[in-house]
Amino acid sequence: MADSLELAFALNNAAPEQIWDVIVVGGGPAGATAALYLARADLKTLVIDRGLTAGALGLTGRIANYPGVPEEISGAELLYRMRQQAERFGATFLQDKVQSVDLESDPKLVFANTGTYSARVAVIATGSMGRSQRVKGEDELLGRGVSYCATCDGAFFRGQEVAVAGNTDEAIEEALFLTRFASRVHFLCPTPQLKAPEHLVHELTAQPNVKLYLGATLREILGTDQVTGVRVNLRSEGEIVLPVSGVFVYLQGGRPITDFLGGQLPLSETGCLQVDAEFRTALPGVYAVGDVLCNHIKQAVVAAAEGASAAMSIEKVLRRRKQIAVDWSK
Amino acid sequence: MSLLDDRTRQEVQKALTAMTEPVKLVLFTQGEFGSLECEYCRETRQLAEEVAALSDKLTLEVRYFSKDIEAAQALGVDKIPAIAVLRDGKAPHDFGVRLFGIPSGYEFGTFVQSILLVSHAKHDLSPHTLEQLAQLKQPVHIQVFVTPTCPYCPRAVLLAFRLAVASPLVRADMVEAIEFPHLSSRYQVHGVPRTVINEVIHIEGAVPEGLLMEELMQVNDEAQMQRLRELHRST
Ligand SMILES: Cc1cc2nc3c(=O)[nH]c(=O)nc-3n(C[C@H](O)[C@H](O)[C@H](O)COP(=O)(O)OP(=O)(O)OC[C@H]3O[C@@H](n4cnc5c(N)ncnc54)[C@H](O)[C@@H]3O)c2cc1C
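Small disclaimer: the values here were computed from a predicted structure and weren't measured.

Caption draft 1: Geometry of the overall build of chain A. A tally of helices and strands in chain A yields 6 helices and 15 strands. Relative to its length of 330 residues, chain A is compact, with a C-alpha radius of gyration of 21 Å against a globular reference of 20 Å. Its C-alpha atoms put chain A at 65 × 45 × 40 Å along the principal axes. Scored against the burial criterion, the 330 residues of chain A give a buried share of 54%. Here chain A has roughly 14700 Å² of accessible surface; of this, 50% comes from carbon and sulfur atoms.

Caption draft 2: Looking closely at the state of the cysteines. All names here are of chain A. Evaluated as defined, the whole model comprises 4 disulfides over all chains. Each disulfide pairs two cysteine sulfurs, and for Cys 149 the partner residue is Cys 152, the sulfurs being separated by 2.2 Å. The S-S bond linking Cys 149 to Cys 152 shows a torsion near 75°; that makes this disulfide right-handed. Judged by relative accessible area, which is 7%, Cys 149 ranks as buried. According to the relative accessible area criterion, Cys 152 is buried, its value standing at 1%. A sulfur-sulfur separation of 1.8 Å characterises the disulfide bridge that pairs Cys 272 with Cys 294. On the criterion of sequence distance, the pair formed by Cys 272 in the loop between strand 14 (246-249) and strand 15 (286-288) and Cys 294 in the loop between strand 15 and helix 6 (300-318) is long-range, its members being 22 residues apart.

Caption draft 3: Main features of the sheet that holds strand 6 (residues 170-176) of chain B. Residue and element names in this part refer to chain B. Ordered by their spatial adjacency, 8 strands build an open sheet running 2-1-3-4-6-5-7-8, and the pairing between neighbours is mixed. Two strands close off the open sheet at either side, each with one partner strand: strand 2 (58-64) and strand 8 (201-204). Each neighbouring strand pair of the sheet contributes to a mean axis angle of 20°, computed without reference to strand direction. Looking at chain direction, strand 7 (residues 194-197) and strand 8 are connected through 4 bridges and run antiparallel. Note that in strand 8 the partner of Arg 194 across the bridge is Glu 204. Across the sheet, helix 2 (residues 41-52) touches strand 1 (23-29), strand 2 and strand 3 (82-87), and the angle it forms with strand 2 is around 155°.

Cut-offs used in this document
Residues numbered from 1 in each chain as written. Chains lettered and ligands numbered in written order. Predicted model: local features only at pLDDT ≥ 70, side-chain atom pairs only at ≥ 80, totals over all residues. Heavy atoms only, no water. Helix = DSSP H or I, 4+ residues; strand = E, 2+ residues; numbered from the N terminus. Rg over C-alpha atoms; globule rule 2.2 N^0.38 Å. Buried < 20%, exposed > 50% of the residue type's maximum accessible area, 1.4 Å probe, protein only. Areas by Shrake-Rupley, 256 points an atom, 1.4 Å probe, with all protein chains shown as cover. Disulfide = S-S within 2.5 Å. Pairing = 2+ DSSP bridges. Axes fitted to C-alpha atoms, helices over the stretch in contact; angles between N-to-C directions. Contact = heavy atoms within 4.5 Å.

Taken by themselves, the reported measurements are silent on function.
Here it is as structure tokens:
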């Protein structure tokens, strides 16, 4: 059993060495635009993002109302261009998931899978694709077959059948990890198509022990002490029950993503972050922009504009200016 | 071939300069060089040797589990590979910090942190937690089950270690779940981190200090512990 252990010995969760000026959590249009402006103002900026197609813009099939982009392009393509532009000004992008933060410490600490990062200022731009509702049986069977981390728990399912629910790059990458252990991975994609780059989709479908179900809604996780199966509604065939002993859930919804904040910032009744006119939260040096605020129009151009505004007020603070200065010349 | 690359060795060396008091690692091993009895004993020993060489405040003592039975019992070591992390020097002390299984992957950082923690004993727990710990009436044994590929696990393990450093009644073990399948099955571990306190209190995930303490303080309530024991017997 133990032949699966990864014998790596990197000190990836020790104290961080480099202190960034700004860390932006979430690289959607809000975060990427903030990074573009921050980097252009010569602030050392790191954006940590889960994946190009993990956010609202990244998974949008076609975007037609972004000013200056008349041709038909996908949300992922538009976002890729925004990120490239920010990188050209010196911003650094890291594909990783932020697990938790310490926003009261100085510098602020951001804990991700690949390590701990620290910065003078933090910008929260995680959007609002979080799940609002759990599937029946999910809470009761957490840790008894229900998991949100295949890399953590995959080895417990050696030779067993498991299900993965989701449709993003993250869900596919986790499913690919599981193919090393599970006898069969039932991939339950809630939409008619997977929302991930082509090469990942190919890699998934090429696995002999993966069965892909498109338009599959996870209705219930079955079992009393332990997961014994899942009840799934298939658009084409109606309801089926799959006998699995593990279920890995990567579904999305419409709630602001704030779980990683661990209650360090006040939320509105509807779970949204709250800011003032300069996008400052209740904690000094912590800003929030984009759909995670949800008190505005949900459009990419609005999210991008908020990123720009926040970046300028951050620059004002870090450079100790009295007023926001717009540099037209660069 | 060494397990640590140059860069990691340098980073660890630098991290260990923060040690104040000396630390002794007591490693239990046996059946090295291919025996099935302890699959990762050889690697764990090599790892401990390489780390111990990085600070003159750190020493390693290697013991054989089947021969040094008394030493194993005295340190509460009942499975291998095991590392007991002990305060050494003028005032030696056992805070009850143990690692069972190889501390690889994300747990390598935990291993280094555990050495620092035992050395300087700065637990950074909240005043409320310390008040609660002062009310403990009986010994508390915390076992945190982990896998090397779990990014959330080090936080859960280090919290348990900090409690052990703060209270003489608390002992805390990191247990690598894949190497000890009998324990994973006894405590029904199918996801990590999973914290097991005095056999019957089970906690999923890396929970904040306050929440863990709320669960932990149930050990003072004998009637509740009895209820939990019965519940576990029936499942
Ligand atoms: C189906 C759909 C169609 C839409 N169509 C249009 C349209 O045609 N035109 C338009 O203008 N707007 C459209 N929108 C709205 C628009 O996409 C959003 O308003 C905009 O993307 C919000 O930007 P954001 O940066 O705040 O969030 P997002 O775009 O959601 O980006 C958030 C980012 O944060 C990352 N993230 C989240 N949690 C973490 C974490 N813990 N660690 C690291 N990274 C994390 C995600 O990976 C993601 O990349 C559409 C939205 C949807 C859902």
